[in-house]
Every structure is written in structure tokens, then in C-alpha cells.
Amino acid sequence: MAVIRDKMPAFQLFQPASTGEALGVLDRYGADAWVLAGGLDSWDWFKDRVKKPAAVVDLAGIEQLRSIRSFGGTVEIGAMATLREVVRHPDVASQFSLLVEASELAASPQIRNQGTIGGNIGQDTRCWYYRDGWSCYRAGGNICYADTPTAMNREHAILGASRCVAVNVSDTAPALVALDAEMVVENSGGQRVIPAQDFFIGPAIDIMRMTVLRPGDILTSIRIPSTWAGQRFYFEKSRDRAVWDFPLANVASAARIANGVIEDIRIVANGVAPYPVRFTAAEDAVRGQAVSDETADRAGEIAIRGVRPLAHNGYKVALLRNLVKRSVRGAEA
């Protein structure tokens, strides 16, 4: 019999006007506090009564977290900037079109008007066993229901799994890793700056988190250095529906090419592992090589080394290989 969940559990709502005020509330409530950005992931948790925080800290009133500014060749994007604002900002569009492409393919126009880049980066996995409140590893239990003989696991991981096979589904995350972005995180103890590649973590590090954020932390901004500004980018997202859908797999690449030769490249895929995967071995193999079908094929084959498909997601192996191949060839265009 279906369980009817018709209302959210009660919580204290705080709407601070500054980051300092928000951090004060987070310190007071600790692990019982929930940080609210655009709310599109949060409201699902609350309506299904799976997450029951004592306090919700709404960051929408903190104007400094919405700003997008440039300084010294770096573009800094406030974590509360909406995906629409990211797409339409002239500095982001002119220097880092990779992030624009990734942001434009997230969800639907209506959701991009509300959803924030910080929320897209920090959203939790969409594994239905976990999100429906099953007591799996990620929820503190002792089993992964998606990795059992009768499981529904078409959307799950083929790489990087460690007990849990849930995937990261952010579209902007692989683009930010490819662009060597940095995440600015604040808590009551101060500020720390974390490379995007280290910001996302897999179950082998902590099975109950997808990022390094802990209770009391706020992601305040994302800094994109000028390293890859204006270079040749490629982004592609494979999904079941044309809009309002999470990736079965996506790929982002940033390449520096001179006279048809790949001087440097970053290749990152998401939707195939619990974190955005950077394929450093494939990058090493094609660096210094001419952009060609042969070079792209080599990268694709290297990218699928070590894959472990489940009962229903074997198609992701060929999908990943082809996405990586096109990300290398696409840099030529």
C-alpha cells in the first residue's frame, strides 16, 4: 500500500541577511540545521518526510552570495546566483562558455530561473532507494539496494563505487572541474578554498556525503581562474528527455589547441560515478597529439578501463567511451 506523505515536518525557518548571521544559526543547531539555496532538491526531501531538520537556513536574502564579479582575470560566482544568471552573465559567456553550456542543459527554463549554481553543485544523488527512505549504506544502513540481483540500477555507477553505487548528477560540476575552478567555503572558524576536483568525494572517503561540506559549512562562491579562459570547450549531456532530466552521463572538456595539436586538455564526466571523474590517463595519452579520430578513439578506450557495469546499466560503458571520444574531437571545431 502506498504511503501518503501530504505535508512537510515542522521546522524553524531562518532568513538571515548576512553570511555571519547564517553561520551563527548553523553553529547553534549543528547537524540538525539544513542550508536552503534554490530549494529544488530540499523541498523534495522535506515533502517526502525523509529529511527532518530542526532548522532551515534560507540563504536567499544574502545579496553578496548572488553577485558575479571579475577581478584579475578570475570570475567569482556567488553560490546563490541562479543558473539563468550564470548563463546570461557576459564575463562567464565570453570566457567560460563551457559553464554556460552545462548550465543551459540543467533541468528546464523554469527551474534554471530558481535553481542556483551552488544548489546544482551540492545536490544529493537521485538514487530512488536512498531518496525514498530505504535504510541503505548512504542512509546509515548496511546494504546497497541498487546493487542486488533484483535491483533497478539503470542510472547507477559504472566507476568509483565503494559499496554505494549512486551517482552524482550535477551538470555544472564536471564543467567546473574541467575549468580548474575553486570552491570558497566558510564556517565560523574562517574560510577555506578547495579545488573543484577535491570538493566532490566518493563513498570510499565518506559514504554519506557527496562533497566535503560538513554541518556548519556554507559554500559561498565559485572562483574560475583565467587558466582556460577563451579556450576550446565541449559539453554534451545524454538523457532520456530533452528537458527537466538528469544526465545518464555527461562530459566536459577544456582544451588548448595550437595548429591542430592538443597542447593541454581536461576531460571530466559525470553521471557514471559518485563524483565527477577526471580522466587524467586519457588526458596524458592525447596531450601533444594531433586532433584526430585515432587520438579520440585512444582517449575513449582509456576512459572505460576499470568499469564495473551493473545488471541494467551496461549501456553506459559505450556511452561513456563515445562521449569522451567526442569531447576530444569536438575541441577541433
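Up top is the structure.
The model shown is predicted, which means the values in this text are computed figures rather than measured ones.

Asks: Help me understand helix 1 (residues 19–29), please; the structure alone is not making it clear to me.
Replies: Each turn of an α-helix holds 3.6 residues, which means side chains three or four residues apart point in the same direction. When helix 1 is considered as a whole, its buried residues turn out to be Thr-19, Ala-22, Leu-23, Val-25 and Leu-26. Buried residues of helix 1, viewed axially, fall in a sector of 160°; they line one side. Of the exposed residues in helix 1, the ones pointing more than 90 degrees away from its buried face are Gly-20 and Arg-28. Looking one or two places after helix 1, you find Gly-30, whose phi comes out positive at around 60°.

Asks: Can you walk me through the sheet that holds strand 11 (residues 261–270) in this structure?
Replies: Note: strands within a sheet are paired through backbone hydrogen bonds, in either parallel or antiparallel orientation. The four strands lie next to each other as 9-10-11-12, forming an open sheet whose pairing is antiparallel. Of all strands in the sheet, those bounded by a partner on one side alone are strand 9 (232–238) and strand 12 (277–278). Two strands pair when backbone bridges link them, and strand 9 and strand 10 (residues 249–258) are joined in this way by seven bridges, in the antiparallel orientation. Pairing of Ser-238 across the sheet is with Ala-249, part of strand 10. Sheet contacts for helix 13 (residues 315–330): strand 9, strand 10 and strand 11; angle to strand 10, the most-contacted strand, approximately 25°.

Asks: Is there a simple way to think about the packing of aromatic side chains in this case?
Replies: A ring pair, where both rings are aromatic, is described by two values, the distance of the centres and the angle of the planes. Following the criterion strictly, the structure yields ten aromatic pairs and no others. With centroids separated by 6.2 Å and ring planes inclined at 50°, the aromatic side chains of Trp-128 and Tyr-129 adopt a geometry described as tilted. A relative accessible area of 31% means that Trp-128 is categorised as partly exposed. Note on Phe-199 and Phe-200: the rings are 5.2 Å apart at their centroids and 85° apart in plane angle, and the pair reads as edge-to-face. Clustering of aromatic rings is evident, with ring pairs tying together Phe-11, Trp-34, Trp-43 and Phe-46. Above the ring of Trp-45, the side-chain terminus of Lys-51 is found at 4.8 Å from the ring centroid. The residue whose ring lies beneath Arg-131 is Trp-45, and the NZ or CZ to ring-centre distance is 4.2 Å.

Each value, and the rule that gives it
- Residues numbered from 1 in each chain as written.
- Predicted model: local features only at pLDDT ≥ 70, side-chain atom pairs only at ≥ 80, totals over all residues.
- Heavy atoms only, no water.
- Buried < 20%, exposed > 50% of the residue type's maximum accessible area, 1.4 Å probe, protein only.
- Helix = DSSP H or I, 4+ residues; strand = E, 2+ residues; numbered from the N terminus.
- Arc of directions from axis to C-beta.
- Pairing = 2+ DSSP bridges.
- Contact = heavy atoms within 4.5 Å.
- Axes fitted to C-alpha atoms, helices over the stretch in contact; angles between N-to-C directions.
- Phe/Tyr/Trp six-rings, centres within 6.5 Å; stacked < 30°, edge-to-face > 60°.
- Lys NZ or Arg CZ within 6 Å of the ring centre and 35° of its normal.

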